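One letter stands for each residue in the lines below.
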Amino acid sequence: MRDFLFWWQHLPEHMDPVILEIGSFKLQYYGLMYIVAFAITYILASHRLRREDRFRIDADQLQGLMTAMILGLIVGARLGYVLFYNFSYYLHHPLEVILPFEFSGGIRFTGITGMSYHGGLIGVVVATVIFVRKNRLDFFNMADLIVPCIPLGYTFGRLGNFINGELFGRVTTHPIGMFFPFAPGPGRRHPSQLYEAFFEGIVLFIVLWAVKNRFTTRGAMLALYLMGYGLVRFFIEYARQPDAHLGFIFFSLSMGQLLCMAMILTGGVLLLYLKKQSRIQP
């Protein structure tokens, strides 16, 4: 048992985020995990499309919708990080929003660093609205199709964060804690990426997949997703290290928790609205 604990606690120190490196080109697990996440979402949505006849979309439109969602995710996640987490910095360094360089103290290649889940969510919603209007589809019908397929992809995204050694948790004395090489100061920390991979990914997927055909209210899956993810992420944030430049925003609440509270409230209001609409327009 002691050998296993030692291996577990020092695992992040021995992980290499790079799969393959040729010259300046690097293939990293982080990017690969996101490709896997998108692929799983598409496969599950295609599976539902073949088995269920209530969705008014064909295979080609589904591919177009997925492409729009991916673009919305990337743009939204980046802009969300800029606005929610580091607005004052990027206000003085606007080129760094879109360019993979840092210009303070000279020019240094950094890649595009800093992505926000909540910004990505907004970006996906906006991109989906634009796509469905252009193709004369129903937004909430598309949400009922796609939303239950999404959480399982989070599992792989969070595993990518774990392999990168980023988004680690707070200091803990519990044996489950791990030594992250990029963490400030000594001590073990919660592997909050793995908590998120399990609860935001696997558990939320199982719940939404199990109830996807039990709610007849059109668009209910989107409301349930907002409340479910917001609730799970809110509590996991207590084990996650807040962003160093932000710390705690309101009492002991982090920015992520405040945004999750907004998600839960939005989901609740949306569900009430959708139920009211379904009674008016059966």
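Residues numbered from 1 in each chain as written. Predicted model: local features only at pLDDT ≥ 70, side-chain atom pairs only at ≥ 80, totals over all residues. Heavy atoms only, no water.

## With respect to the packing of aromatic side chains
Consideration 1: Under the defined criterion, the tally for this structure stands at 11 aromatic pairs.
Consideration 2: Between phenylalanine 4 and tryptophan 7 the ring centres are 5.8 Å apart and the planes differ by 35°, which places this aromatic pair in the tilted class. Of this pair, phenylalanine 4 and tryptophan 7 both sit in helix α1 (residues 2-9), three residues apart, which is roughly one turn of the helix.
Consideration 3: Classification of phenylalanine 4 as partly exposed rests on a relative accessible area of 44%.
Consideration 4: Over the ring of tryptophan 209 we find lysine 212, and its NZ or CZ is 4.1 Å from the ring centre. (Phe/Tyr/Trp six-rings, centres within 6.5 Å; stacked < 30°, edge-to-face > 60°. Helix = DSSP H or I, 4+ residues; strand = E, 2+ residues; numbered from the N terminus. Buried < 20%, exposed > 50% of the residue type's maximum accessible area, 1.4 Å probe, protein only. Lys NZ or Arg CZ within 6 Å of the ring centre and 35° of its normal.)

## Regarding the packing of helix α2 (residues 29-51) against helix α6 (residues 139-146)
Consideration 1: Interhelical geometry of α2 versus α6 gives an angle of 110° and a closest axis separation of 9 Å. Taken together, α2 and α6 sit at an angle that is classed as roughly perpendicular. Residues Ala45, Arg48 and Leu49 of α2 touch α6, and the partners they reach there are Asp144, Leu145 and Ile146.
Consideration 2: Of the residues contributing to the contact of α2 with α6, the split by class is four nonpolar, no polar and two charged. (Axes fitted to C-alpha atoms, helices over the stretch in contact; angles between N-to-C directions. Parallel < 35°, antiparallel > 145°, perpendicular 65-115°, else oblique. Contact = heavy atoms within 4.5 Å. Nonpolar A, V, L, I, M, F, W, Y, C, P; charged D, E, K, R; others polar.)

## Quick notes on the environment of lysine 276
Consideration 1: Take lysine 276: it is sitting in helix α10 (residues 255-280).
Consideration 2: Residue classification places lysine 276 among the partly exposed residues on the basis of a relative accessible area of 49%.
Consideration 3: For the pair lysine 276 and threonine 217, spaced 59 residues apart in sequence, the C-alpha separation works out to 9.5 Å.

## Observations regarding the side chain of serine 254
Consideration 1: Note on placement: serine 254 falls in the loop between α9 (220-236) and α10.
Consideration 2: At 2.8 Å, the side chain of serine 254 and the side chain of glutamate 237 are in polar contact. (Polar contact = N/O pair within 3.5 Å; in protein donor to acceptor, adjacent residues only side chain to side chain.)

## With respect to the nonpolar core
Consideration 1: Within the largest apolar cluster, 43 residues are counted, with the highest numbers of intra-cluster contacts made by Ile57, Leu62, Ile146, Leu222 and Tyr225.
Consideration 2: When residues of this core are traced back to their parent elements, those giving at least two are α2, α3 (59-85), α5 (117-134), α6, α8 (192-211), α9 and α10.
Consideration 3: At eight residues, the largest contribution of residues to this core is made by α9.
Consideration 4: Excluding residues that lie within four positions of it along the chain, leucine 62 makes contacts with Tyr42, Ala45, Ser46, Leu49, Ile57, Leu145 and Ile146. (Core = buried A, V, L, I, M, F, W, Y, C linked by side-chain atoms within 4.5 Å.)

## Things to note about the pattern of salt bridges
Consideration 1: Under the defined criterion, the tally for this structure stands at nine salt bridges.
Consideration 2: Of the charged contacts in the structure, one is a salt bridge between glutamate 237 and arginine 233, with a shortest N-O distance of 2.8 Å.
Consideration 3: If you follow the salt bridges from partner to partner, you end up with Arg158, Glu196, Glu200, Arg233, Glu237 and Arg240 in one network. (Salt bridge = Lys/Arg side-chain N within 4 Å of Asp/Glu carboxyl O.)

## Focus on the packing of α3 against α6
Consideration 1: The N-to-C vectors of α3 and α6 enclose an angle of 85°; their axes lie 13 Å apart at closest approach. By the angle between their axes, α3 is roughly perpendicular relative to α6. From α3, Leu62, Leu65, Met66 and Met69 reach across to α6, where they touch Met142, Leu145 and Ile146.
Consideration 2: Of the residues that constitute the contact of α3 with α6, the class distribution is seven nonpolar, no polar and no charged.

## Here we look at helix α7 (residues 151-164)
Consideration 1: Here α7 spans 20 Å end to end across 14 residues, near enough to the 20 Å set by a 1.5 Å rise per residue.
Consideration 2: The buried fraction of α7 is high, at 11 of 14 residues.
Consideration 3: Along α7, the residues classified as buried are Pro151, Gly153, Tyr154, Thr155, Gly157, Arg158, Gly160, Asn161, Phe162, Ile163 and Asn164.
Consideration 4: Structurally, α7 contributes buried residues whose contacts are with α2, α5, α8 and α9. (Expected span 1.5 Å × (residues − 1).)

## Looking at unusual backbone geometry
Consideration 1: Phi angles above zero are rare outside glycine, and arginine 136 is one such case at about 55°.
Consideration 2: If you trace the backbone, arginine 136 turns up in the loop between α5 and α6.
Consideration 3: Phi is positive for leucine 167, which is not a glycine, with a value near 55°.
Consideration 4: For leucine 167, the position within the fold is in the loop between α7 and α8.
Consideration 5: Overall, leucine 167 belongs to the partly exposed group, its relative accessible area being 31%.

## Focus: the environment of methionine 227
Consideration 1: Structurally, methionine 227 is set in helix α9.
Consideration 2: In this structure methionine 227 touches Met263, Ile264, Gly267, Gly268 and Leu271, once residues within four positions along its chain are discounted.

## Things to note about a nonpolar patch on the surface
Consideration 1: A cluster of nonpolar side chains, namely Ile19, Leu20, Ile22, Leu27, Leu32 and Ile35, defines an oily patch on the protein surface of about 510 Å² accessible area.
Consideration 2: Broken down by secondary-structure element, the contributors of at least two residues to the nonpolar patch are β1 (18-22) and α2.
Consideration 3: With respect to the helices and strands, the residue isoleucine 35 is situated in helix α2. (Patch = residues over 30% accessible without salt bridge, like charges linked within 9 Å, V, L, I, M, F, W, Y side chains within 5 Å. Areas by Shrake-Rupley, 256 points an atom, 1.4 Å probe, with all protein chains shown as cover.)

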